[in-house]
Amino acid sequence: MDPMSDILRLLQPSSYGLRGLDAAGPWAIAFPPAPGLKCYALQSGACWLQCEHAAIRLEAGDLALVSGAERFSLQTARVPAVDAIALFGATPPGETAVVGGGGEVRGLGGFFKFAGGQAERMLAALPPVIHLRAGSGADDLQWPITRLMRELRSPQPGGDLIAQHLAQTLLIEALRLHLASPDQRGVGWLYALGDPRLRPALAALHAEPGRRWTLAMLAAVAGMSRTSFAERFRSVVGETPIDYLTRWRMLLAADRLRQDPAPIAGIAAEFGYGSESAFGAAFKRVIGKSPVRYVQQLRQAA
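Caption draft 1: Focus on helix H9 (residues 226-237). Taking 1.5 Å of rise per residue, the 12 residues of H9 would be expected to cover 16 Å, and the 16 Å separating its terminal C-alpha atoms lies within 8% of that figure. Those residues of H9 not exposed but buried are Phe-229, Phe-233, Val-236 and Val-237. The buried residues of H9 occupy an angular sector of 80° when the element is viewed end-on, so they sit on one face. Along H9, exposed side chains directed more than 90 degrees from the buried face belong to Thr-227, Glu-231 and Arg-234. Here the buried face of H9 lies against helix H6 (189-193), helix H7 (199-207), helix H8 (215-222) and helix H10 (241-259). Gly-238 sits one or two residues past H9 and shows a positive phi near 95°.

Structure below.
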């Protein structure tokens, strides 16, 4: 099992949109808080990505992924900002918005939205900003972005499926490049995928989430002692192996209930629980409500 593919399937990328930007002079574009991921690739010129925690200079060939529901801006100067929703909302998908006459800073940007019921919970484990510099492989991502822009600008038969695959390819390649970067630092599931000692254990958990794993079994898969494995896993992922397993099981269970409200006792057994009460307690601890209440709210929303 490939854990990254597993997690992205659970995220369920559902929609996306890309526009170009051609700007000149002093300018600023303000983006309101929004769920999902935002992606920006600079083709020429330079600007600043200003968010709550940092100011990052983007140069030609750079790409940035912005996660989390916090406001941020792209700018070349501290001037009154144009509202991003108004600017890009008036620009058809695949077309280019022009600011200040254009000609100095050119780039492509857009968003990924996810349909998975627990998408924001999983995205919260990503860094607020993933910055891929020119020369690190970010330039390889220009092709899928450009092709995706073309598909959105000039729809053709089968274009929806092609665009969906291009958007997912872009997202996966960006995460891969981030993991391959020598200066990448962070805590969460993404960084465990980049750890050669932890990756086999993570793959085993994802391949058989219903198996009654123990710390000793997972340490053996990783080829490490129990103590070393437990310490390394917690330092990289931010939680113990068994806590991660429990959380992943409950995310899968929540997704299962969302798609097909099967009997809770059957789902409990599928994910390694001997009793419905033990499963219900774990579900409430992770998801914040009982399985029964979760299903009731899904039905009310539908």
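Caption draft 2: Broad picture of the packing of H8 against H9. Remark: H8 packs on H9, axes separated minimally by 9 Å, with the N-to-C direction vectors making an angle of 85°. When the axis of H8 is compared with that of H9, the two are roughly perpendicular. From H8, Leu-215, Ala-216, Leu-218, Ala-219 and Ala-222 reach across to H9, where they touch Arg-226, Phe-229 and Ala-230. Residue classes in the contact of H8 with H9 are distributed as seven nonpolar, no polar and one charged.

Caption draft 3: The sheet that holds strand E4 (residues 46-50), seen in detail. The strand order across the open sheet formed by five strands is E5-E4-E7-E2-E8, and the pairing between neighbours is mixed. Looking at which strands have only one partner, the edges of the open sheet turn out to be strand E5 (55-59) and strand E8 (82-83). Two strands pair when backbone bridges link them, and E4 and E5 are joined in this way by five bridges, in the antiparallel orientation. The residue of E5 that forms the bridge with Cys-47 is Leu-58.

So, how was this worked out
- Residues numbered from 1 in each chain as written.
- Predicted model: local features only at pLDDT ≥ 70, side-chain atom pairs only at ≥ 80, totals over all residues.
- Heavy atoms only, no water.
- Helix = DSSP H or I, 4+ residues; strand = E, 2+ residues; numbered from the N terminus.
- Expected span 1.5 Å × (residues − 1).
- Buried < 20%, exposed > 50% of the residue type's maximum accessible area, 1.4 Å probe, protein only.
- Arc of directions from axis to C-beta.
- Contact = heavy atoms within 4.5 Å.
- Axes fitted to C-alpha atoms, helices over the stretch in contact; angles between N-to-C directions.
- Parallel < 35°, antiparallel > 145°, perpendicular 65-115°, else oblique.
- Nonpolar A, V, L, I, M, F, W, Y, C, P; charged D, E, K, R; others polar.
- Pairing = 2+ DSSP bridges.

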